[in-house]
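A structural walkthrough
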Amino acid sequence: MKRIALYSVITAGIAIAGSSCTKVLDKYPQTQTVRSDSASAISATDAENIILGLYQDYKSQVEFNVLDRITNGDVLSDNAYAGGDNTANITLDNFTFNSLNGNLNRDYADAYVLIGKANIAIQDVGRSTDPSLVAARKAEIVGDAKFLRAFTYFDLVRLFGRVPLKLKPSNNSSADSLLASSLVAQSSVDSIYQQILQDLWDAKASVPRIGAYSSKYTITQGPVFATLAKVYATMPTPNWDSVGYYCDQLIPNYSLLTDYTFLWDNAHKNSSEAIWEFTYDGWNEGDKIGNWAPSQFWALENRNGVPTMVSGGWKRFETPSNDLVSLFRADGDSVRLHASITFLDSTNTFTDTYWSTAHYPYATKYNDPNNGINDFYLYRLPDILLLKAEQLVKKGDLNGAMALVTQVRARVKLGPKTAASPDQAEQIIANERRQEFAFEGHRWFDLLRTGKAIQTMNAVKDGKGNILYNVADYRVIMPIPQQQIDLNPKLVQTDNY
Amino acid sequence: MHVMKQKFLAFLALLMAVTSLSIAQNISVHGTVSDTLGNGLPGVTIRLVGTNSGTTTDVKGAFNINAPGNASLEFSFIGYKTQTVAIGGRENIVVHLGSAGTDLNQVVVVGYGTQKKKDLTGAVSVVTAADIANRPIVNAGEALQGKAAGVQVTSNSGKPGAGLSIRVRGSSSISAGNDPLYVVDGIPMTDISSYNPADFESISVLKDAASSAIYGTRAANGVVVITTKKGTPGKSKVEFSTYYGTTTPTKMLHVLDAQQYQAYMNDTKAYGPGAITDSMVAANNINWPDEVFRHGNQQNYHVGVSGGTEKTQHYISLDYNAQTGMIRPSKFDRLTGRVNLSHQVNKWLTVSTATILSRTHDNDITDNQGVAKGGVVLSALGTPPTTPRYTPEGYIGKNTYSGWENPLGAIEANKTRNLTDRLVSNIGADIKFYKDLTFSSRFGIDYTNFRGTFFLDPFLTEYGRNQGGSLTANTSTQLVWLSEQTLNYKHAWGKNNLSALAGWTAQESHWQQTSISASRLPVQDRFKTWDAMFMLATVKGTPYTSVDDWALVSYLGRINYDYDGKYLFQANLRSDNSSKFSAAHRTATFPSFSAGWRISQEAFMQDIRFINDLKVRAGWGQNGNQEGIGSYAYLSLNNINANNGSTSYATVAPNDLRWETSTQTNFGVDATFLDNRLSFTADVYWKKTKNVLVNVPLSGEIVGSVLLNMGSMQNIGQEFVVSSKNIVNGDFKWNTDLNISFNKNKVLNIGNGISFMNSFGGIYERTNSIALVQGYGLGEFYGYVATGVDPETGMQLYKTKEGKTVPYAATKPSDRQLIGSAQPKFVYGMTNTFSYKNFDLTVFLQGSQGNKIFNGLRIETEGLKDSRNQSTAVLHRWQNPGDRTDIPRTLLNNDDNSQVSTRFLEDGSYLRFKTITLNYHFNSGLLNKIGLGAASVYVSAQNLITITGYKGFDPEVNTYGTNSDNTQRNTSLGIDYGAYPQAKVFLAGLNITLK
């Protein structure tokens with residue numbers, strides 16, 4: 001009898017346990033949040049956290065947004081050699097890269113990570129119904145995300161030409177829909193530029209006026225106008241009137257720092273000259289995001305408490321080229337030469353075909369390889385002044401153009417320039433841009449914009465006067481990384497690769 | 001679910017009602033049961049054949065039973081052959097049970113119960129305590145290597161405490177887990193590294209779906225069911241065993257000495273004359289591999305106390321294992337205590353518990369990485385002999401040309417220490433309701449407390465000086481509880497035997513981790529304890545916590561039926577509800593059916609004397625795989641920035657994510673011949689897995705890849721086991737056990753039109769070396785075909801698609817092709833045991849055949865591209881036009897000659913003398929006088945000889961085996977990129993039993 005009673009108790013126990021089983025199965029993450037499809041899910045606080053997160057994601061993507069921007073802008077061009085021992089960089093420098101190049105693959109992938117995050121933010125915040133999210137603020141957040149998306153598409157289209165245009169988050173209701181919405185075919189270069197312009201126009205209308213924020217990282221109309229000016233100058237069919245218009249909107253709102261070296265001393269962050277600046281507080285302060293790119297260029301070692309410049313090993317990415325050093329010297333531009341380059345004795349630490357190791361140049365514009373506190377300028381005033389000068393040349397106003405060049409030169413104690421012909425004026429502007437923006441990731445894209453990439457590269461000489469490169473015409477557009485083609489069968493390789 | 005359960009209970013009730021046997025003409029039978037040496041065996045189960053009534057022997061092995069004079073009694077006991085004896089009217093019966101060995105009658109532990117091997121209808125491999133004895137096995141998984149057909153075991157590293165990659169019948173997944181489920185004393189788990197193998201009684205590997213389907217969604221990769229030792233009534237025993245051994249690498253590699261290195265560096269094609277000066281050569285000539293690899297050692301001490309009364313049995317053990325690695329500061333030690341108790345409260349209630357408490361402590365060292373990521377092995381090979389150990393300031397010396405510090409940086413400046421405490425305990429009650437019906441209720445907990453600390457010295461290395469040192473600590477706890485309620489019904493009538501099982505189980509896990517970090521430690525404080533240094537460090541990082549929860553609620557049922565032991569049937573059903581999937585996709589049900597026919601029991605076989613037993617079996621079933629899938633993998637997640645609460649979009653996931661389903665068909669034959677001296681088992685299987693999770697690297701997403709149920713995979717294989725008692729009579733005995741397994745693994749479909757992904761097995765500074773290809777197995781190497789060195793230019797030549805041989809600059813990526821597979825055609829093991837009087841000699845060979853290894857070491861040591869030291873192979877490099885050699889020229893900062901190609905692909909086949917042990921048993925007469933029951937001493941060598949053509953340290957390598965990415969772990973097989981080598985161990989041991 002006892003056992004029968006026990007039996008009943010146990011059977012009842014099993015039944016109860018069995019019926020309460022579903023509760024134990026409902027598990028949700030505690031230390032992450034679940035992205036919801038519901039429109040009401042996004043509160044005003046969520047929207048602020050989303051846009052703060054997107055800002056942080058952009059600048060913490062140092063590899064793509066800073067390091068590879070400098071590699072693509074300066075190493076690909078005549079400003080710098082690859083330096084170091086990294087073959088992906090070296091083949092880019094030598095124009096022997098192919099579709100297996102690791103840098104190109106990570107750039108492509110990293111760009112879409114940022115674009116994808118912007119897409120989700122635009123959708124999430126855009127459909128928030130929380131009344132405490134004020135309409136203007138909501139529009140501004142969406143505008144910020146659209147600006148960031150346009151900025152990254154501009155990077156992609158200049159590097160790779162035809163790329164897929166993804167503007168919505170992937171549909172994750174099932175595996176099939178997720179794949180179908182992720183694997184998109186390429187769009188034409190024109191339609192990519194049209195979308196970039198669309199996003200920039202949307203952003204222009206919803207972000208605050210220049211000067212609304214003290215941080216030059218927070219997006220105002222400044223970075224939007226600067227990108228518009230660049231895009232209009234770079235499109236397959238440039239619109240120089242618009243370039244001029246947006247430059248004019250910008251120029252009165254900014255002023256040059258009195259001393260070029262202030263730009264690099266970490267004491268003049270968010271200055272009157274900066275239009276858009278990735279601000280880095282370093283690993284241990286503020287948002288704890290650091291800029292590690294300078295650590296690839298040179299090393300500063302703490303020797304028994306004394307910071308000492310040490311040279312050698314692989315830490316010499318972006319080695320300044322003979323061509324660039326000659327340009328600085330020929331112009332007597334010692335301010336910008338010394339702000340950009342330091343020569344060190346590196347005997348017995350490596351050998352080099354371009355420079356003597358006893359007197360080897362390092363790109364030292366960024367002065368802190370250890371703490372991650374060097375800011376990175378995406379746009380600063382001289383960029384817009386010189387772009388305006390280009391536009392004036394197009395309009396035939398050579399004197400106006402040279403006046404702007406002279407303004408930029410005066411700050412670094414160099415005399416004025418005059419030009420007798422549009423060609424000469426363009427050459428003067430191009431050289432000025434090289435000296436002003438060395439190691440800021442501009443040069444290759446300036447050569448592409450002005451259509452002078454091939455002729456310039458094939459004329460570059462090393463220190464001994466030998467021609468360095470033989471660049472085929474098709475190499476102005478990068479190959480679509482083979483790995484991406486393997487993953488997305490809709491992708492078509494760039495011609496000739 | 002409820003409907004099913006109710007039906008099941010009703011069915012059981014019906015069976016009980018119809019069953020009632022009356023027994024006539026009973027006589028009282030008494031007797032003794034002993035082993036073949038005459039020692040009484042207590043606790044032997046005695047069953048009256050054809051009924052469920054019976055008894056067990058007492059402490060002396062004696063028994064008493066009332067039975068019909070014309071009936072038969074069946075005597076069974078774990079580890080011994082089951083014997084059936086006809087009473088034939090006798091009142092006194094003496095039975096000697098023979099040891100089971102590999103005999104078909106042994107009792108085999110299976111899922112939720114035991115079965116006699118002769119009744120098995122599934123494919124099960126068994127490894128017993130005898131296979132583990134006298135071997136320095138630290139992780140029980142090692143015991144399966146070469147001993148269990150169909151199981152491939154590969155060490156990821158020779159590091160003390162390093163993990164194993166265990167594959168049962170091949171890999172069935174691309175991106176989820178491929179490791180088997182472990183069930184120890186009824187508790188399912190994925191990690192058994194805290195367990196002490198000396199406590200194990202038996203290890204059963206459930207290989208086919210028929211035997212493993214009872215574990216449902218966790219069983220597709222096979223189930224390893226482990227039972228630990230129990231006490232034997234009346235046989236109090238105190239065992240002590242110990243061993244001590246030294247370890248050295250199985251092989252050493254040779255690198256250039258200072259003068260040879262100088263010649264290489266000063267070669268005009270490298271750095272040029274004067275790069276390495278004579279004074280540098282005179283100052284330092286350090287053989288860095290010799291500097292790094294030292295003698296390690298391994299020791300073990302074990303005490304086990306077992307015994308008990310008829311009502312209460314105990315097994316208590318204490319075990320300490322310590323390994324000091326061949327590379328400082330790697331080490332591993334583990335202290336394990338165990339208490340197993342069983343008590344029969346009354347006629348219908350038995351309670352039992354099995355509890356283990358263990359503390360594991362290890363010091364880790366980075367291997368399987370390039371020098372740039374701190375890999376100590378590649379640093380040992382690549383650091384120039386002219387690099388000093390320390391600079392005059394006391395810093396770690398560095399290769400000034402590369403900037404990389406010597407391996408002392410990895411050894412002395414980085415300290416990774418892990419401490420794991422684990423408590424696993426279960427408590428259960430078996431309640432006998434009626435004679436045929438037993439209810440078992442079991443509750444278990446598995447609690448882990450982990451603390452891992454890392455310390456980077458603020459003085460020794462350049463990175464350390466720049467960071468001012470750094471300190472991190474991860475502390476985590478995990479509690480898994482299990483509730484398992486099962487009803488067992490057993491009934492026999494006439495020649496029919498029926499047993500049934502129905503049950504409900506629930507398991508829930510809660511894991512929580514806290515991480516803290518700090519940097520900027522004053523240099524004078526760097527020798528203090530971790531905790532003191534953390535307090536003194538001047539900059540603290542943002543702390544964060546993580547939580548991970550999962551649960552599994554399941555129903556299970558099984559029916560076994562046999563007629564006269566001749567026709568055997570089994571059906572299993574398990575229904576799982578897993579928290580890892582969305583509510584709509586949470587439930588999975590897995591059936592299996594199997595049948596066996598013991599042909600040898602048929603009348604027509606009785607005259608065929610040379611066949612003692614012959615059984616054919618067939619099974620079909622399904623099971624699932626949810627291992628390796630994150631707890632929230634079906635949800636799209638955002639990360640919270642612990643610093644300021646901002647949102648970062650982290651993952652994208654399909655809502656319809658689900659488990660993988662494997663369907664497996666198995667045919668097998670078990671046979672014994674020639675007076676049971678020769679036994680043979682063969683199995684063939686077809687295993688097809690659908691909804692295979694593929695971590696699809698997407699082009700153009702916020703994540704590098706998403707986990708999708710897209711693929712399908714196939715494994716077809718054959719396994720053969722032969723056991724032979726070659727010589728049985730006289731003083732000299734010789735047994736041979738041989739097993740060999742073939743498995744052909746094939747990716748049937750990756751999904752969504754993708755037929756090729758070259759995304760795996762990345763080689764630093766080169767390309768990916770592994771492709772996932774539809775129609776091929778996992779671990780396909782992809783690269784160029786190298787066709788030798790051009791005698792004129794010294795450049796490595798490669799084959800193009802058009803069949804031309806050209807230098808790398810003239811190739812296209814599309815010239816790469818599939819160049820070999822990392823998967824072996826077969827793996828095998830052979831154990832020969834010789835005994836002569838008091839001596840036993842065991843020779844255990846194990847090997848793998850037909851697999852390729854990508855020797856990433858040689859990319860580094862024969863790359864001839866920079867200041868890394870090179871192996872002595874480069875002494876034969878091309879130097880002048882006309883040189884004919886297979887080592888190309890030096891080419892500074894250029895990888896053209898060292899691309900991923902067949903140049904570095906090698907045959908990874910090997911045959912290894914895994915264990916050779918000579919054991920001496922002292923005579924028992926002598927021992928008895930000094931109060932000992934048994935004693936033996938042995939000497940043993942592990943990995944003494946390895947026959948292989950592989951040029952690296954050791955062919956047992958798997959650099960990606962410890963990768964945190966499942967897909968890399970599953971696909972990037974057979975790559976050697978600086979694994980800590982396997983050890984050759986010489987040891988001596990002692991076993992003593994007190995009587």
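For the structure given in this document, a descriptive report is provided here. Keep in mind it's a predicted model, so treat the numbers as computed, not measured.

Considering the overall build of chain A
- Check the secondary structure of chain A and you find 19 helices and 9 strands.
- Considering chain A as a whole, with its 497 residues, one finds that 60% of them fall into the buried category.
- Here chain A displays about 18,000 Å² of accessible surface, and carbon together with sulfur accounts for 53% of that area.

Notes on the sheet that holds strand 39 (residues 780-783) of chain B
All names here are of chain B.
- In space, the 4 strands of this open sheet follow the order 37-38-39-43, with antiparallel pairing throughout. Two strands lie at the open edges of the sheet, namely strand 37 (756-762) and strand 43 (817-821), each paired on one side alone. The mean angle between the axes of side-by-side strands here comes to 45°, regardless of whether they run parallel or antiparallel.
- Across 4 bridges, strand 37 lies against strand 38 (residues 768-773) in antiparallel orientation. By the bridge assignment for strand 38, G762 is matched with N768.

Thoughts on the interface of chain A and chain B
- Contacts between the two partners involve 84 residues from chain A and, on the opposite side, 98 residues from chain B.
- Summing the contributions of chain A and of chain B, the shared interface buries around 7,800 Å²; its carbon and sulfur component is 54%.
- At the junction of chain A and chain B, the tally comes to 3 salt bridges.
- Its salt-bridge partner being A:K27, residue B:E508 comes within 2.3 Å of it at the nearest N-O pair.
- Counting every contact that joins chain A to chain B gives 31 residue pairs in polar contact (both at pLDDT 80 or more).
- Sort the elements by how many residues they give to the side of chain A that touches chain B and helix 1 (residues 2-19) of chain A lands first, with 11 residues.
- Class assignment for the residues of the side of chain A that touches chain B results in 33 nonpolar, 34 polar and 17 charged.
- Pairing of strand 1 (residues 32-34) of chain A with strand 31 (residues 637-640) of chain B involves 3 bridges; the strand directions are antiparallel.

Here's the deal with the environment of B:V184
Residue and element names in this part refer to chain B.
- Relative to the assigned elements, V184 resides in strand 13 (residues 181-184).
- The exposure class assigned to V184 is buried, which follows from its relative accessible area of 2%.
- Spatially, the C-alpha atoms of V184 and V224 are 8.3 Å apart, while their sequence positions differ by 40 residues.
- Contacts of V184, omitting those with residues within four sequence positions, involve M189, I192, Y195, I226 and T228.

Section: helix 10 (residues 221-234) of chain A
- The terminal C-alpha atoms of helix 10 of chain A, which comprises 14 residues, lie 20 Å apart, in line with the 20 Å expected from a rise of 1.5 Å per residue.
- A large share of helix 10 of chain A lies buried, amounting to 14 of its 14 residues.

So, the sheet that holds strand 46 (residues 852-855) of chain B
- Taken together, 3 strands build an open sheet; the order of strands is 47-46-51 (chain B) and the sheet is mixed. Looking along the sheet, the strands with just one partner apiece sit at the ends: strand 47 (905-907) and strand 51 (975-976) of chain B.

Things to note about the nonpolar core
- Formed by 220 residues in total, the largest nonpolar core has its most connected members in A:I196 and A:W276.
- The greatest single-element share of this core, amounting to 13 residues, is contributed by helix 7 (residues 135-160) of chain A.
- The residues touching A:I196, leaving out its near neighbours within four places in the chain, are A:A150, A:Y153, A:F154, A:V157 and A:V231.
- The next biggest cluster of nonpolar side chains, apart from the first, holds 26 residues, and it includes B:V127, B:I137, B:I203 and B:L482.

Thoughts on the side chain of B:T420
- With respect to the element layout, B:T420 can be found in strand 22 (residues 414-432).
- Residues in contact with B:T420, not counting those within four places in the same chain, are B:S358, B:R359, B:T360, B:T448, B:N449 and B:F450.

Brief notes about the environment of A:P236
All names here are of chain A.
- Turning to its location among the elements, P236 is positioned in the loop between helix 10 and helix 11 (240-250).
- Along the backbone, P236 and R449 are 213 residues apart, and their C-alpha atoms lie at a distance of 8.9 Å.
- If we skip the residues at most four places from it in the chain, P236 touches V189, D190 and Y193.

Looking at helix 12 (residues 322-330) of chain A
- For helix 12 of chain A, the set of buried residues is A:N322, A:L324, A:V325, A:L327 and A:F328.
- Looking at the residues trailing helix 12 of chain A, positive phi occurs at A:G332, about 65°.

The rules behind the values
- Within any chain, residue numbers begin from 1 and follow the written order of that chain's sequence.
- Chain A is the first chain written and ligand 1 is the first ligand written, with later ones labelled in order.
- Restriction of local features to residues with pLDDT of at least 70 applies here, the model being predicted, together with a cutoff of 80 or more for giving and counting side-chain atom pairs; totals for whole chains, interfaces and linings are based on all residues.
- Water and hydrogen atoms play no part in the side-chain values, which are based on all heavy atoms of the structure.
- For helices the rule is a DSSP run of H or I covering at least 4 residues; for strands it is a run of E covering at least 2, with both sets numbered from the N terminus onward.
- Exposure is judged per residue with a 1.4 Å probe applied to protein chains only, and the accessible area is read against the type maximum: over 50% gives exposed, under 20% gives buried, and values in between give partly exposed.
- Reported accessibility uses the Shrake-Rupley method at a 1.4 Å probe radius. Residues are deemed covered only where the shown protein chains occlude them.
- Pairs of strands are assigned from DSSP output, requiring at least two bridges between the strands.
- Axis angles are defined between N-to-C directions and span 0 to 180 degrees, where every axis is a line fitted to C-alpha atoms and, for a helix, only to the segment in contact.
- Any two residues whose heavy atoms approach within 4.5 Å at even a single point are treated as in contact.
- A 1.4 Å probe defines the accessible area here, and the buried area is the portion of it lost by two parts on being joined, summed over both.
- Definition used for salt bridges: Asp or Glu carboxyl oxygen within 4 Å of a side-chain nitrogen of Lys or Arg.
- In protein, a polar contact requires one atom able to donate a hydrogen and another able to accept it; more generally it is a pair of N or O atoms within 3.5 Å, and residues adjacent in sequence count only if both atoms are side-chain atoms.
- Classes in brief: Ala, Val, Leu, Ile, Met, Phe, Trp, Tyr, Cys and Pro nonpolar; Asp, Glu, Lys and Arg charged; the others, Gly included, polar.
- Multiplying one less than the number of residues by 1.5 Å gives the expected span of a helix.
- Residues belong to a common nonpolar core when they are buried Ala, Val, Leu, Ile, Met, Phe, Trp, Tyr or Cys residues joined through side-chain atoms within 4.5 Å.

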